[in-house]
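Structure at a glance
If you want the building blocks of each chain, they are given just below.
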Amino acid sequence: MERLLNAMTVLSLVLILLVLRSLRRAHIRVEYSVSWLGAATAVLVLSRWHKALDWLGLRLGIQDAALALVFTVGCLFLIVFYRFSIVISHLKDANISLAQRVAILEFHLQSLHENKEKIGISS
Amino acid sequence: MSRRMNHGSLLIIIPAYNEQASIGEVIRQTNQALPGVPVLVIDDGSADATAAMARSAGARVLSLPHHLGLGGAVQAGYKLAFELGYDYVIRIDGDGQHDPRDIPKLLDTLQATGCQMVIGSRYMDGAANYTSFLRRLGVNFFRAVLRPILGKPVRDPTSGFVGVNREALLVFSRSFPLEYPEIEALVVLQRRAFRFEEVPVRVRPRIAGRSSITAVKSVYYILHVLLGVLVNILKFERRRWRR
């Protein structure tokens, strides 16, 4: 059990470092890093705070504290994935609207140019 | 054309994605069937010469900056048509399966009945020759699903040969399903108490290319459309409860 908890600690530390590195390199925006950092910090704290983990295991009906942590990690990351699904859906909608608007504006511009050319030719 | 028609303010739209082999012929046939009626090709980020072929055949082209999928392309066409003030828009496919000589039938029905949407149905005069067994099975399934929702039977809910008037244009400009839009669009209209009619149309083999809906994709198609229909019903019911 202790080995699994240690692995979780290392995993959460790696995740925090990875997210911070991505933030520094501007590969991830601050607002989207919060969910990952929050989830990783929660895992880090729980994997080191045995009393809290035992209490959680008791509440969840899981005798093995490490299993309780795995369950909690699963739930936390499901929430993160759900949040990002919402963000991606919003971004996709915005992207489609923008792409349509760009195409329509280009079409209007093209029409204006053609009309100008026609007027130029006739005069 | 054998008789003089009042085209009113009609725009023909053709969503196209990598249709360079067929788009020119479809536009030429459309111009022959309806001389003087503007044709707009919505190039959905094609990697081939679809846009160039369409322009050289005499169509105007709305070029999307990247691939949006069928619904996104059709909606872009509807938005532009609405902005340009068109009263009627008829959509045909770019693969040549729809016969542009049937367009006047759709327009006549829109004008005569005042319905908001008309579907060119492949199944009204017996079974269509150029649809696969799987597709017909799917169509029958959706007919059964849609019957109680729409309150009347629909023979060809997956047809891409569709005409709409300005009221429907306004609705679709604001909200239009992005993937596999035909069936969801029917539900969207029905929830707003709009009417639709069906007219029989001819179906021909594709000039080129293959259907994008494979056997595996058809399972995804069914699940996606069912979910879309359910979501549309729930959205509408929620709004009704709030009122």
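Computed from a predicted structure; not experimentally measured.

A few words on the interface of chain A and chain B. Frequently, the measure chosen for interface size is the accessible area removed from exposure when the parts meet. Across the contact, 16 residues belong to chain A and 17 residues belong to chain B. Roughly 1300 Å² is buried in total at the junction of chain A and chain B, and carbon and sulfur atoms are behind 62% of that figure. Per-residue buried area on chain A facing chain B is highest for A:Q100, A:I104 and A:F107; these three make up 44% of the total on that side. Taken together, the links from chain A to chain B amount to two salt bridges.

With that settled, the discussion passes to the packing of helix 1 (residues 2-24) of chain A against helix 2 (residues 30-48) of chain A. Residues and elements named next belong to chain A. One way to put it is that helix 1 packs onto helix 2 with a least axis distance of 8 Å and a crossing angle of 160 degrees. Considering the angle they form, helix 1 stands roughly antiparallel to helix 2. Relative to helix 2, helix 1 is oriented so that their crossing is left-handed. Between helix 1 and helix 2, the residues in contact are E2, L5, N6, M8, T9, S12, L13, L15, I16, V19, L20 and L23 and V30, S33, W36, L37, A40, T41, V43, L44, S47 and R48, respectively. Residue classes in the contact of helix 1 with helix 2 are distributed as 14 nonpolar, six polar and two charged.

All names here are of chain B. One finds L62, Y78, M117, V164 and F172 to be the most contacted residues of the largest nonpolar core, which totals 47 residues. Excluding residues that lie within four positions of it along the chain, F172 makes contacts with Q75, Y78, M117, V164, A185, V188 and L189. Formed by 29 residues, the second largest nonpolar core is a distinct cluster that contains V39, V41, L106 and C115.

This part covers helix 1 (residues 23-33) of chain B. All of the buried residues along helix 1 of chain B are B:I23, B:G24, B:V26, B:I27, B:Q29, B:T30 and B:A33. On its buried face, helix 1 of chain B sits against strand 1 (10-16), strand 2 (39-43), helix 2 (50-56) and helix 4 (103-113) of chain B.

What follows covers the packing of aromatic side chains. All names here are of chain A. Overall, the coordinates contain 11 aromatic pairs over all chains when judged by the stated rule. Each ring, one from W36 and one from F77, has its centre 5.7 Å from the other, and the planes form 40 degrees; the classification is tilted. Of this pair, W36 sits in helix 2 while F77 sits in helix 4 (residues 65-122); the two residues are 41 residues apart in sequence, bridging distant segments of the chain. An aromatic cluster is present here, built from Y32, W36, F77, F81 and F84 joined pairwise through their rings.

As a further point, take the pattern of salt bridges. Under the definition given, this model contains 13 salt bridges over all chains. In this structure, A:R29 engages A:E31 in a salt bridge whose closest nitrogen and oxygen atoms are separated by 2.9 Å. Among the residues examined, A:E31 registers a relative accessible area of 36% and is labelled partly exposed. Among the salt bridges present, the one from B:K105 reaches B:D102, with a minimum N-O distance of 3.5 Å. On the accessibility criterion, B:K105 (35% relative accessible area) is partly exposed. Accessibility expressed as a relative area gives 0% for B:D102, which makes it buried. Three or more residues are tied together by salt bridges with common partners; here these are B:D99, B:R101, B:D102, B:K105, B:R202 and B:R204.

Looking now at the packing of helix 2 of chain A against helix 3 (residues 50-60) of chain A. All names here are of chain A. Interhelical geometry of helix 2 versus helix 3 gives an angle of 95 degrees and a closest axis separation of 5 Å. As far as their axial angle goes, helix 3 and helix 2 are roughly perpendicular. Here L46, S47 and R48 of helix 2 come into contact with helix 3, specifically with H50, A52, L53 and L56. Here the contact of helix 2 with helix 3 is composed, by residue class, of four nonpolar, two polar and one charged.

Conventions used here
- Residues numbered from 1 in each chain as written.
- Chains lettered and ligands numbered in written order.
- Predicted model: local features only at pLDDT ≥ 70, side-chain atom pairs only at ≥ 80, totals over all residues.
- Heavy atoms only, no water.
- Contact = heavy atoms within 4.5 Å.
- Buried area = accessible area lost by both parts, 1.4 Å probe.
- Salt bridge = Lys/Arg side-chain N within 4 Å of Asp/Glu carboxyl O.
- Axes fitted to C-alpha atoms, helices over the stretch in contact; angles between N-to-C directions.
- Helix = DSSP H or I, 4+ residues; strand = E, 2+ residues; numbered from the N terminus.
- Parallel < 35°, antiparallel > 145°, perpendicular 65-115°, else oblique.
- Left-handed = near helix turned anticlockwise from the far one by under 90°.
- Nonpolar A, V, L, I, M, F, W, Y, C, P; charged D, E, K, R; others polar.
- Core = buried A, V, L, I, M, F, W, Y, C linked by side-chain atoms within 4.5 Å.
- Buried < 20%, exposed > 50% of the residue type's maximum accessible area, 1.4 Å probe, protein only.
- Phe/Tyr/Trp six-rings, centres within 6.5 Å; stacked < 30°, edge-to-face > 60°.

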